[in-house]
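# Chain and residue survey
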Amino acid sequence: MPVAESVFLNEGGFDPSKPELIADPYSTYRYLQENDPVHWSEAMGGWLITRYDDVRKVLRDPQTFSSERVTTYFGQLPQEFQTMASVLSSWLVFLDPPDHARVRSLGAKAFTDIVLQELQPRLGRIISETITPLIDKGQFDALHDLGYPLAIRVTSELLGVSPEDVAQVDEWEVKVSQFIMGVFMENKEETARIHTEYLVEYFTKLAHDRRLSPRADMLSALVAENENEEQDRLSAMEVISVATQILTAGRDTSALWIANGIYSLLEFPEQRHMLWDQPDMVPSGIEELLRFLGPVELLARIVRNETTIGDITLHPNDRVYLSVGAANRDPRIFDQADEVVVTRNPIRHVAFGWGPHFCIGAGLARSEVRQVFEQLIAGTSEIRPMFDAVEFKPNFSARCVTQLPIEVVAR
Ligand code: HEM
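Cut-offs used in this document
- Residues numbered from 1 in each chain as written.
- Predicted model: local features only at pLDDT ≥ 70, side-chain atom pairs only at ≥ 80, totals over all residues.
- Helix = DSSP H or I, 4+ residues; strand = E, 2+ residues; numbered from the N terminus.
- Buried ≥ 20, exposed ≤ 12 C-beta atoms within 10 Å, placed from the backbone.
- Contact = placed C-beta atoms within 7 Å.
- Pairing = 2+ DSSP bridges.
- Expected span 1.5 Å × (residues − 1).
- Near = placed C-beta within 6 Å.
- Nonpolar A, V, L, I, M, F, W, Y, C, P; charged D, E, K, R; others polar.
- Core = buried A, V, L, I, M, F, W, Y, C linked by C-beta atoms within 7 Å.
- Axes fitted to C-alpha atoms, helices over the stretch in contact; angles between N-to-C directions.

## Observations concerning the overall build of the protein
Helix and strand content of the protein: 16 helices and 10 strands. Seen along its three principal axes, the alpha-carbon backbone of the protein occupies a region of about 65 × 60 × 40 Å. Evaluated residue by residue, the protein yields a buried proportion of 43% over its 411 residues. Partitioning the intrachain contacts of the protein with sequence separation of at least 6 by distance along the chain shows that 72% fall at a separation of at least 24.

Shown next as structure tokens:
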């Protein structure tokens, strides 16, 4: 059956600032997938790609579709933005080969070693310290009382941020991440510059301390990569870049997987009861929740060499937006794409990206979110919404409920 033309596409094409699309982009995605899969959006100044196969094709071809999309913009800023420009433009998500492969392999090694040896064994306890008091209380906000505090604690402990600094570091991080995500801010460049410099100063001092007396944390492991005498090593600035990126990448994503996931289960009570009755389905169930309403909605790339997708020719310097949210609901790949089906298997979603930039934190996030749901199910017989409708943040790069008050019935 042909999909009705979307009422939300006007002359400017897909406009992610429209409240109707923020609330529900899915019928418009379906229309685009069928009629205009490589869609020119005047409002976004680029091509919006919505089909699953096209999204994967772009993600696995860094030679044609570059991730280095901030250098030109930073190059136009005055000299005092130099520190911010060099730290943020070395974030893994903005690097191309060969730098990407070098920084990623060294960063991933430091990450994996610390996660496996230090964090994993403590993760269950960290989660239980967060979730048990909330279950005892009987009511809480799944985003602000559970998702964020847990994700912030996990990334802080991973990096080695000391408990008394966590709130301050998080405040700085939020400003930098809002800038990167394109959230509206007064004096956005200046605000981002100041807060990036606070973070750089903080992590530079911490790196100095760890150089003198290493601990079992990721910053110490990154510093060791910097001191490595072999040719391939991280520069001092790259150590700070990787640390600040981990701080940002691990915060909203895991928090939103938890909150969006609980929201989705409240919308599909039968699926929720199935999961509560059979907790061994949690590992596949949480993948389905990520497919259905994951935190990352859009990824961006810049075309390097002329190429085609379907009938459309893309030219060098064209901006390309990949709708992860649309790809994960593509009916060519997923039956009942607009429904939560916790038994769905195998799950081929692109919520963690694909190809050389595939999420480094996927294993940690999976383990964190799996244990959250296992502990929630073990501790409660039912969860109920304490809201009539949810709102999504007006930020289209991330799909994000603003709050999620729920009531839980302890077992
Ligand atoms: C629900 C949880 C998460 C989701 C959905 C998610 C999603 C993603 C996606 C889509 C990318 C690819 C970006 C691109 O191709 O441009 C990515 C990259 C990345 N993620 Fe995650 N992420 C999650 C959790 C985490 C966590 C917990 C960490 C670390 C603590 C992390 C660290 C990273 C890093 C460092 C990259 C950059 C990899 C690269 O560019 O080579 N992520 N993530």
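## Quick word on the pairing of strand 8 (residues 319–323)
For a regular strand, the rule is simple: side chains alternate between the two faces of the sheet. The buried fraction of strand 8 is high, at four of five residues. For strand 2 (residues 46–49) and strand 8, the ladder comprises three bridges, and the chain directions are parallel. Directly across from Ile-49, in strand 8, lies its bridge partner Leu-322. Bridging between strand 5 (residues 298–303) and strand 8 involves five bridges; their strand directions are antiparallel. Paired with Ile-302 across the two strands is Arg-319, which belongs to strand 8.

## With respect to helix 16 (residues 362–379)
Between its terminal C-alpha atoms helix 16 stretches 26 Å, which fits the 26 Å expected from 18 residues at 1.5 Å a residue. All of the buried residues along helix 16 are Leu-364, Ala-365, Glu-368, Val-369, Val-372, Phe-373, Leu-376 and Ile-377. Taken together, the buried residues of helix 16 touch helix 6 (99–137), helix 7 (142–159), helix 12 (252–267), helix 13 (269–277), helix 14 (282–293) and strand 9 (380–385).

## Brief notes about the site of the ligand
Close to the ligand lie 25 residues, the nearest being Gly-250, Thr-253, Gly-353, Cys-359 and Gly-361. Mapped onto the shell around the ligand, the elements with two or more residues apiece are helix 11 (236–249), helix 12 and helix 16. A class-by-class count of the residues in the shell around the ligand yields 14 nonpolar, 10 polar and one charged.

## What to know about the nonpolar core
Ranked by internal contacts, the top residues of the largest apolar core, which has 109 residues, are Met-218, Leu-222, Ala-243, Ala-259 and Leu-322. With 10 residues, the top contributor of residues to this core is helix 7. With sequence-adjacent residues up to four places away left out, Leu-222 is seen in contact with Ala-110, Leu-234, Val-239, Val-242 and Ala-243.

## Brief notes about the environment of Asp-338
Among the structural elements, Asp-338 can be located in the loop between helix 15 (324–327) and helix 16. With 158 residues separating them along the chain, Asp-338 and Ile-180 place their C-alpha atoms 29 Å apart. Not counting the four nearest positions on each side in its chain, Asp-338 is found in contact with Tyr-26 and Arg-329.

## Description of the sheet that holds strand 4 (residues 139–141)
Strand order in the open sheet formed by three strands is 4-10-9, with antiparallel pairing between adjacent strands. Of all strands in the sheet, those with a lone pairing partner are strand 4 and strand 9, marking the two edges. Taking each pair of neighbouring strands and ignoring which way they run, the sheet shows an average axis angle of 30 degrees. Here three bridges tie strand 4 to strand 10 (residues 405–410), and the two strands are oriented antiparallel to one another. Considered in strand 10, the bridge of Gln-139 is made with Glu-407.

## Notes on the pairing of strand 2
Bridge count for strand 1 (residues 38–41) against strand 2 is four bridges, and the pairing is antiparallel. Across the sheet, the residue bridging to Ser-41 is Gly-46, located in strand 2. A loop of four residues connects strand 1 with strand 2, the two strands running antiparallel in sequence, and Gly-45 in this loop sits at a positive phi of about 70 degrees.

## Considerations on the sheet that holds strand 2
Across a sheet, paired strands are connected by hydrogen bonds in the backbone, their directions being either parallel or antiparallel. On the basis of which strands lie adjacent, the open sheet formed by five strands has the order 1-2-8-5-3 and mixed pairing. With partners counted over all chains shown, the strands left at the sheet margins are strand 1 and strand 3 (65–66), one partner each. Of the strand pairs in this sheet, strand 3 and strand 5 are connected by two bridges, and their pairing is antiparallel. Following the sheet pairing, Phe-65 is matched in strand 5 by Val-303.

## Looking at unusual backbone geometry
Of note, the bond from Pro-97 into Pro-98 is cis; its omega dihedral lies within 30 degrees of zero at 0 degrees. Its place among the elements puts Pro-98 in the loop between helix 5 (82–89) and helix 6. Its identity is not glycine, yet Gln-336 carries a phi of approximately 45 degrees, on the positive side. Tracing the sequence through the fold places Gln-336 in the loop between helix 15 and helix 16.

## Section: the environment of Asn-10
Here Asn-10 shows up in the segment before helix 1 (19–23). Along the primary structure Asn-10 and Leu-123 are separated by 113 residues, whereas in three dimensions their C-alpha atoms are 48 Å apart.

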